[in-house]
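Examination of the molecular architecture
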Amino acid sequence: GDRKELICSKLEEMADNYEATGDKWRVYAYRKAVSAVRSHKKPICKFEEVSSIPGVGRKLGDKIWEIVEKGSFSKLDSVKNSEKMQIMNLFTNIHGVGSKTAEAWYAMGHRTLQDIKDKIVLTGPQTVGIDLYDDLVLRMPREEAAEIESFVRGKVHSIDPNSICEVCGSFRRGKPTCGDLDLLITTPDGVSHSREVFQRMVLCYSSNRIMSPLLEELHSIGFLTHDLVSVSPEKTVNMHKYMGVCILPAGENERDRRHRRIDIICVPFSEYPCAVVYFTGSAYFNRSLRLLAQRRGMSLNEHHLKRNVVRRKGEKKTAGEIIPVSSEQELFQVMGVPFRPPEERDW
Ligand code: DCT
Ligand code: MG
């Protein structure tokens, strides 16, 4: 119980540090180990037991055993106390800043958020990221994500009562906290199996019909406070992915609200199953599914599942044909994969 939580929190913290430096493979290995330890049924008492957990292996086994024996993880302590790592974490926690940018700023001698504000010409999203740093660095509790979703869903349904609106991402995977809210919207159109060109027209139509009035309403009531994509009337007409920042109206007994990240995505009905799977994630799970599709001569992305895709040396030789699917279940079935509920899609 407690021991596992200690192990996981140390490994997780180490993964976050590696993420800030852009070391994707170590991030992957550490996150995978966290999930393996979490789902390990028995308590951890012996070294052999640790290293035999699938997804842990010898090297990480040694590190986990150090945490078990000493209650501390010396490598994490030295890494996270280094000045550079603290600053890399500070910078990469700014929305729109990745490890490469953070590295460059560090190399230029910048050390604080004030340095960045004073000396760097920031992109629009990065400016929002710095202005709202203290809010956006936090993950929101699941309960608040649910409140945001029902608030937006109400607005969507007042525009079109037939539309479907669902939160995907970590929320749908049942996580206790969410980094942002990934809201997917579609409208049943009654033509879901027709040709792609037509589908695209339907997409524009429904984006136009729902997205623009929705964004206008959410801005005007002060719910959407900052945009992370450019939103002008000409653009929202065909917009299908909005990214921005929102804040719930303050209730009577609540402490001040915080700004939260929200993505609103509008997709054609025929693409809904693939979109739900994609935006539910996790990103690691999506990668496994894509690889699986490839091995079966198919291809999968956020729009479609296709068959008869021929690849040579990883390169697509034929584009393949779209296999229409009407639900998540059917998508898994056609791919020949046992259905996995969202809660079991971390990998
Ligand atoms: N996604 C993906 N590949 C990426 C990034 C995202 O396939 N590189 C998909 C999977 C999850 C979905 O998009 C939403 O992305 P995030 O919001 O970044 O992920 P999350 O799982 O919802 O986690 P968080 O709680 O941090 O938002
Ligand atoms: Mg998310």
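Throughout what follows, the structure given in this document is the object of discussion. Sequence positions are assigned chain by chain, starting from 1 and proceeding in written order. Working convention: letters from A go to chains and numbers from 1 go to ligands, in the order in which they are written. Local features are withheld for residues below a pLDDT of 70 in this predicted model, meaning they are given only at 70 or higher, and side-chain atom pairs are given and counted only at 80 or more; totals for whole chains, interfaces and linings count all residues. Excluding hydrogens and water, the side-chain figures rest on all heavy atoms present in the structure.

Considering the pairing of strand β6 (residues 241–246)
Strands are labelled as partners when DSSP assigns at least two bridges between them. Here a strand is any run of E in DSSP of at least two residues, a helix any run of H or I of at least four, and the numbering for each starts at the N terminus. Relative to β6, strand β5 (residues 224–227) runs antiparallel, the two sharing three bridges. Note on β6: the bridge partner recorded for H226 is V245. Across six bridges, the pairing between β6 and strand β7 (residues 260–266) is antiparallel. The partner of V245 across the bridge, within β7, is R261.

So, the sheet that holds strand β12 (residues 321–322)
Pairing in this open sheet of three strands is antiparallel, and the strands run β8-β9-β12 from one edge to the other. With one partner strand each, in any of the chains shown, β8 (299–300) and β12 form the two edges of the open sheet. In this structure, β8 lies alongside strand β9 (residues 305–307), joined through two bridges in antiparallel fashion. Looking at the pairing, S299 lines up with K306 of β9.

Let's talk about empty space enclosed by the protein
Think of a 1 Å grid over the protein atoms and nothing else: a 1.4 Å probe that fits but is trapped marks a cavity, an open set flanked by protein within 12 Å on at least five of seven lines marks a pocket, and residues with an atom within 4 Å of a point count as lining. Grid points are joined across faces, edges and corners, and a volume is the space filled by probe spheres set on the points. Tallying each qualifying case throughout the model produces one cavity of 30 Å³ or more. Taken together, D135, L136, L138, R139, M140, C178, G179, H259, R260 and R261 make up the full set of residues lining the largest cavity. For this classification, Asp, Glu, Lys and Arg are treated as charged, while Ala, Val, Leu, Ile, Met, Phe, Trp, Tyr, Cys and Pro are nonpolar and the rest, including Gly, are polar. Tallied by class, the residues present in the lining of the largest cavity amount to four nonpolar, two polar and four charged.

Re the site of ligand 1
Inspection of the region around ligand 1 gives 14 residues, with R139, S170, G179, D180 and N286 positioned closest. Within the side chain of R173, one N or O atom sits 2.9 Å away from an oxygen atom of ligand 1. Within the side chain of D182, an N or O atom sits 3.1 Å from an oxygen atom of ligand 1. Protein contact buries 66% of the 550 Å² of open area that ligand 1 shows by itself. Contributions of two or more residues to the shell around ligand 1 are made by α12 (169–172), α15 (272–280) and α16 (283–295). Broken down by class, the residue content of the shell around ligand 1 amounts to four nonpolar, six polar and four charged. By convention in these notes, a residue is near a molecule or strand provided one of its non-hydrogen atoms lies within 4 Å of it. As used in this structure description, the phrase polar contact means that two N or O atoms lie within 3.5 Å; if the pair is within protein, one of them must be able to donate a hydrogen and the other to accept it, and residues adjacent in sequence are counted only when both atoms belong to side chains. Reported accessibility uses the Shrake-Rupley method at a 1.4 Å probe radius. Residues are deemed covered only where the shown protein chains occlude them.

Side note on the pattern of salt bridges
Only one rule defines a salt bridge in this text: a Lys or Arg side-chain nitrogen within 4 Å of an Asp or Glu carboxyl oxygen. A full pass over the atoms with the stated rule returns 23 salt bridges. One salt bridge connects R26 with D23, and the closest N-O pair in it is separated by 2.8 Å. Residue D23 is classed as partly exposed on the basis of its relative accessible area, which comes to 22%. Two residues, E328 and R172, come together in a salt bridge whose shortest N-O distance is 2.8 Å. You can see E328 sitting in helix α17 (residues 328–335) and its partner R172 sitting in helix α12, a full 156 residues away along the chain. A simple rule labels every residue: compare its accessible area, found with a 1.4 Å probe on the protein chains alone, to the largest value its type can have, and call it buried under 20%, exposed over 50%, or partly exposed in between.

Focus on the sheet that holds β6
Here five strands make up an open sheet; going across it, the order is β2-β4-β7-β6-β5 and the pairing mixed. Among the strands making up the open sheet, the edge pair consists of β2 (164–167) and β5. Going from strand to strand, the sheet's axes swing by 30° on average, the running direction of each strand aside. Sheet analysis places β2 next to strand β4 (residues 181–186), joined by four bridges and oriented antiparallel. Across the sheet, residue C165 finds its bridge partner in β4, namely I185. For every element, the axis is a line fit to its C-alpha atoms; helices are fit only across the contacting stretch, and the angle between N-to-C directions ranges from 0 to 180 degrees.

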